[in-house]
Amino acid sequence: MSAADGLGAHVETLLAAEGERRAVAPLTDAYDCLTVEDGYEIQAAIIDRRVAGGDVVVGAKLGLTSKAKQQAMGVDVPCFGVLLGSRRLTADEPVRLNEFIQPRAEPEIVFHLRDALAGPGVTPQDVLAATGAVSCGLEIIDSRYDGYRFTLTDLAADNTSAGRFLLGAQSVDPGEIPDLSLIGCLLEVDGGVVATAAGAAVLGHPAEAVARLANWLGGRGGALQAGWSVFSGGLTIAVPLFAGTYVAATFGRLGHVSARAV
Ligand code: OOG
Ligand code: MG
């Protein structure tokens, strides 16, 4: 993409917002002619810049796959983003608020792919067969748009609010879990329960979300690569992080993942 095609300026706007930790107005406020496809082109250009700078793509994410998230964000279509290696937090690493604009945490079910997947025709069964392990994770989202106000186009451009991510310590063979849609999830903040959900909150079954992403990528000549981790989308609302906030997600069968904001 070149600046001449009109999208380059938006790439710079979002890179600067992230770099300077300063929220910006949604791109579509001033450019309502931008399409969702333009949004994904802007995302791809941002990722290309990160990779050119030495970062590495380690996975993919779905967003807005649960009713809880769709209703909270006012967008009812799932979205797709990219996970970069530099954005992974280790289990004992705090969420450093000075590295974010307006971070929120959300619990997710994560698929670790042993085999690549590319549509068309990928089914949830294919996803489970290609998955080496499942774990729980927390995504720390950080919209570059003021107050998390955006359209699907804006969200696609902003790599679907991707900030950081961390994984639970436990990895489980998907064959050992009879039905991922029945996995319970308990989200706690500072020791109090704030939300509960089951795996089915994500498009009826989290493997359905991953199948959709594989099919969507296949249609664009892409694939979910072997070795990637795929975040299937927040099961519950996301909770804001302030200094000292301790957020913990506990899942049936998949263990526990937590983070403290400092
Ligand atoms: C959009 C990102 C959504 C999810 O898991 O639903 C997402 C947002 O809420 O800012 O990552
Ligand atoms: Mg998410």
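The rules behind the values
Residues numbered from 1 in each chain as written. Chains lettered and ligands numbered in written order. Predicted model: local features only at pLDDT ≥ 70, side-chain atom pairs only at ≥ 80, totals over all residues. Heavy atoms only, no water. Near = heavy atom within 4 Å. Polar contact = N/O pair within 3.5 Å; in protein donor to acceptor, adjacent residues only side chain to side chain. Areas by Shrake-Rupley, 256 points an atom, 1.4 Å probe, with all protein chains shown as cover. Helix = DSSP H or I, 4+ residues; strand = E, 2+ residues; numbered from the N terminus. Nonpolar A, V, L, I, M, F, W, Y, C, P; charged D, E, K, R; others polar. Core = buried A, V, L, I, M, F, W, Y, C linked by side-chain atoms within 4.5 Å. Buried < 20%, exposed > 50% of the residue type's maximum accessible area, 1.4 Å probe, protein only. Contact = heavy atoms within 4.5 Å. Donors = N, O, S within 2.8 Å, 3.2 Å for Na, K, Ca; no water.

(A) Region of interest: the site of ligand 1. The environment of ligand 1 is made up of 17 residues, and the closest members are Leu-64, Lys-69, Glu-106, Ser-161 and Gly-234. Gly-234 places a polar main-chain atom, nitrogen or oxygen, 2.7 Å from an oxygen atom of ligand 1. Coverage of ligand 1 by the protein chains reaches 100% of its 320 Å² of free accessible surface. Those elements giving two or more residues to the shell around ligand 1 turn out to be strand E1 (57-63), helix H4 (67-73), strand E3 (104-113) and strand E4 (131-141). Looking at the shell around ligand 1, its residues break down into seven nonpolar, five polar and five charged.

(B) Structural view of the nonpolar core. Core analysis: the biggest nonpolar cluster contains 75 residues, and Ile-109, Phe-111, Leu-224, Val-247, Phe-251 and Leu-254 have the highest contact counts within it. Sort the elements by how many residues they give to this core and helix H7 (residues 206-219) lands first, with seven residues. In this view, Phe-251 contacts Pro-107, Glu-108, Ile-109, Cys-136, Ile-183, Gly-184, Cys-185 and Leu-235; residues no more than four positions away in its chain are not counted. Of all hydrophobic cores here, the second largest spans five residues; its members include Leu-83, Val-110, Leu-167 and Phe-231.

(C) Broad picture of the coordination of the magnesium ion (ligand 2). Taken together, Glu-106 (OE), Glu-108 (OE) and Glu-139 (OE) make up the full set of protein donors to the magnesium ion (ligand 2), lying 2.0 Å away. The sequence motif formed by the donor residues of the magnesium ion (ligand 2) is E-x1-E-x30-E. Of this pair, Glu-106 sits in strand E3 while Glu-139 is found in strand E4, placing the two residues 33 residues apart along the sequence. For Glu-139, a relative accessible area of 2% corresponds to the buried category.

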